[in-house]
Amino acid sequence: MKLLNQLTAHRLLKMLKKEEITSLEIARALFERLEKVEDKIKGYLFLDKERILDNAKEKKQGLLAGVAVSIKDNICVAGELTRCASKILSGFTPPYDATTIKNLKAEGAILFGRTNMDEFAFGSSCESSAYQITANPWDLERVPGGSSGGSAAAVAADEAIFALGSDTGGSIRQPAALCGIVGLKPTYGRVSRYGLLAFGSSLDQIGTLSKDVRDAALLLKVIAGFDSQDSTSLDTSVPDYESYLGKEIKDLKIGIPREYFIEGLDRGVKERVEEAIKVFQRLGVECVQISLPHTEYAVSVYYILATAEASSNLSRFDGVQYGLRNPQPATPTCAEASAGRRKPQTKGSLLEMYEQTREEGFGKEVKRRIILGTYVLSRGYYDQYYLKAAKVRELIREDFEQAFKRCDLILTPTSPTPAWKIGEKIDDPLKMYLSDIFTIPVNLAGIPAISIPCGFAKGLPVGLQILGKPFKEEKILQAAYAYEQSTEWHLQKPVL
Ligand code: GLN
């Protein structure tokens, strides 16, 4: 008999409806699990146990009535600590709910804690959180991936039923792959970004991390849709995603891009993905070779555009409005000033407070990105870097547009390798950046993609990525579900 914390949301919802269980029992089961394993996993940054239990006692209504959802630390929840895993936001509690949070509450979900992440979502390993390093439940010496590593590890370790994450260059799909769960990044504009602390505004999307494909469909249904508060959200109807699960897929055509099966791709990952392609063929799908010729530029383009946008977005954290403020040093006395011991223009000045707050509040990777982003936007370099990258981005988007004339979906590995050891890449940013080589193009093109478990390489989970046409999440879910139903990878659990 399985414990409640081990079940999927859709199973729990059925049991809740029949009144076989209560939502308080779900929350308690999660807390019991946390007591056993959270010391090792460190997936959560903040949990208000009393508030959660009180909330779980209330009668709920809606699509997610009574079921717990864990939330990445960069999505605003009114009155609850939201720090983006950064020191600069220590003590910050937003006065309002993100639209996705409002939607979850409206459908009766219980918000279950804030999950760890790389500071400001800059990273692929969760190691650059200012507070703690999350471990991969499959091997505690390895990273869970990032930046939504806390959400992914918590779901994989049964410390969460399902979770929200955000994905700017792979931050949902890559940790989902490394932790052996399902991660869905919707089309840019499908889910409101209102209340998501912005990283790269032209790339960010909120999405789902779950134990299976049905839960991804369920959660997407609740968070998707037009929002007048987000001018980039598209006013188009939200399909009933669940109704696509179980439909035949033999009329679908799947493209396999040759640029994704390159040197540096782990052998085990390659073999698992090739086996997955065979499963699809057995299901009657036609697979064709395609080409996405500008793939090799994606990582460079991304690190110019994403850092440029980040440097601008992060300029608001200056100690005035949010979180940390470095206490302003005393203004120099006239005697000190005239003796030249302190500069009266800067000492104790507003500028100095900005500088000291940012110096103290931001971690190493955040500073690296602000410097890089400011540089590529600066006069004299703007055309050479930013503008050029923006043009190449368009070529990458066109690659997909062309490819999707020949197929409905595209299959690739999610990550070139399984989870690596904690500490292995943290001092080599380039190595870290290259780990997102297969997820970044999707964000640059704004299209949707999912990562689902497709087996193991040396005992570590491998993720299969399925990419779709803009606003065609239902096709991705349909194919992912068909695959899931013919395999058992999603049922494997780490032993803790
Ligand atoms: N790992 C990528 C980065 O560091 C993507 C992060 C994300 O999607 N938020 O930028």
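None of the values given here were measured: they were computed from a predicted structure.

A. Just the state of the cysteines, in detail. Taken as a whole and assessed by the stated rule, the structure comprises zero disulfides. Among the cysteines around Cys287, which has no disulfide bond, Cys407 carries the closest sulfur, lying 9.8 Å off. With relative accessibility at 3%, the residue Cys407 sits in the buried group.

B. Looking closely at the environment of Ala390. As for its placement among the helices and strands, Ala390 is situated in helix α13 (residues 382–403). Along the sequence, Ala390 and Leu305 sit 85 residues apart, while their C-alpha atoms lie 7.2 Å from each other.

C. The pattern of salt bridges, seen in detail. Taken as a whole, this structure holds 22 salt bridges when the rule is applied. Across the salt bridge formed by Glu242 and Arg214, the nearest N and O atoms sit 2.8 Å from each other. Highlighted residues: Glu242 in the loop between α7 (213–223) and β7 (253–257) and Arg214 in helix α7, separated in sequence by 28 residues. For the salt bridge of Glu274 with Lys270, the shortest nitrogen-to-oxygen distance reads 3.3 Å.

D. The sheet that holds strand β2 (residues 68–72), seen in detail. Spatial ordering of the open sheet is given by β1-β3-β2-β4-β6-β5-β10-β11-β9-β7-β8, a layout of eleven strands whose pairing is mixed. Sheet topology places β1 (44–46) and β8 (286–290) at the edges, where each strand pairs with a single neighbour. Between one strand axis and the next, the sheet turns by 35 degrees as a mean value, whatever way the strands run. In this structure, strand β5 (residues 182–185) lies alongside strand β6 (residues 205–210), joined through three bridges in antiparallel fashion. If you follow Leu184 over to β6, its bridge partner there is Thr208.

E. Expanded view of the site of the ligand. In the vicinity of the ligand there are 15 residues, among which Thr168, Gly169, Ser171, Tyr302 and Asp436 approach most closely. Separating a nitrogen atom of the ligand from a side-chain N or O atom of Ser124 is a distance of 2.9 Å. Here an oxygen atom of the ligand and a backbone polar atom of Gly169 are 2.6 Å apart. Protein contact buries 100% of the 290 Å² of open area that the ligand shows by itself. Of the residues belonging to the shell around the ligand, the class tally is five nonpolar, seven polar and three charged.

Scoring rules and cut-offs
- Residues numbered from 1 in each chain as written.
- Predicted model: local features only at pLDDT ≥ 70, side-chain atom pairs only at ≥ 80, totals over all residues.
- Heavy atoms only, no water.
- Disulfide = S-S within 2.5 Å.
- Buried < 20%, exposed > 50% of the residue type's maximum accessible area, 1.4 Å probe, protein only.
- Helix = DSSP H or I, 4+ residues; strand = E, 2+ residues; numbered from the N terminus.
- Salt bridge = Lys/Arg side-chain N within 4 Å of Asp/Glu carboxyl O.
- Pairing = 2+ DSSP bridges.
- Axes fitted to C-alpha atoms, helices over the stretch in contact; angles between N-to-C directions.
- Near = heavy atom within 4 Å.
- Polar contact = N/O pair within 3.5 Å; in protein donor to acceptor, adjacent residues only side chain to side chain.
- Areas by Shrake-Rupley, 256 points an atom, 1.4 Å probe, with all protein chains shown as cover.
- Nonpolar A, V, L, I, M, F, W, Y, C, P; charged D, E, K, R; others polar.

Coordinates in, geometry out; function isn't part of it.
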